[in-house]
Amino acid sequence: MIRDGRAKLREYIDHRNQREREIIAALRAGLTGIPEIVARVYAAYPVALHLPARSSVCSHLLKLERERRVRRSGAAPLDARWSLA
């Protein structure tokens, strides 16, 4: 049981926002492919988790694309090159 549901939701939202900032920082550093972004953002995690983390980074990038904060070259999001808009 979660005693303070609002606090837990805030924790989840804060974590997602932090991850988004890390992805943007990776783009600012010149990384353009999801595998490279994952390697930087998830550097503290076992490499075995990097492959599943690609989906999470891709989801963040698609959200940022909808907000017109990033753009991609290439049709398939996982294989595209990404940059700040």
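Residues numbered from 1 in each chain as written. Predicted model: local features only at pLDDT ≥ 70, side-chain atom pairs only at ≥ 80, totals over all residues. Heavy atoms only, no water.

Caption draft 1: Local environment of the nonpolar core. By size, the foremost hydrophobic cluster in this structure holds 17 residues, and its most contacted members are Ile23, Leu27, Ile34, Ile37, Val57, Leu61 and Trp82. Sorting the residues of this core by element identifies α1 (5-28), α2 (34-41) and α3 (50-66) as the ones contributing at least two each. Among the elements that make up this core, the one with the highest residue count is α3 (five residues). When sequence neighbours within four positions are dropped, the list of residues in contact with leucine 61 reads Ile23, Leu27, Ile34, Ile37, Val70 and Trp82. (Core = buried A, V, L, I, M, F, W, Y, C linked by side-chain atoms within 4.5 Å. Buried < 20%, exposed > 50% of the residue type's maximum accessible area, 1.4 Å probe, protein only. Helix = DSSP H or I, 4+ residues; strand = E, 2+ residues; numbered from the N terminus. Contact = heavy atoms within 4.5 Å.)

Caption draft 2: Main features of the environment of leucine 27. With respect to the helices and strands, leucine 27 occurs in helix α1. On the accessibility criterion, leucine 27 (8% relative accessible area) is buried. When the C-alpha atoms of leucine 27 and alanine 39 are compared, they prove to be 12 Å apart, with 12 residues separating the residues in sequence. Ignoring sequence-local partners within four residues, the contact set of leucine 27 consists of Ile37, Leu61, Val70, Trp82, Ser83 and Leu84.

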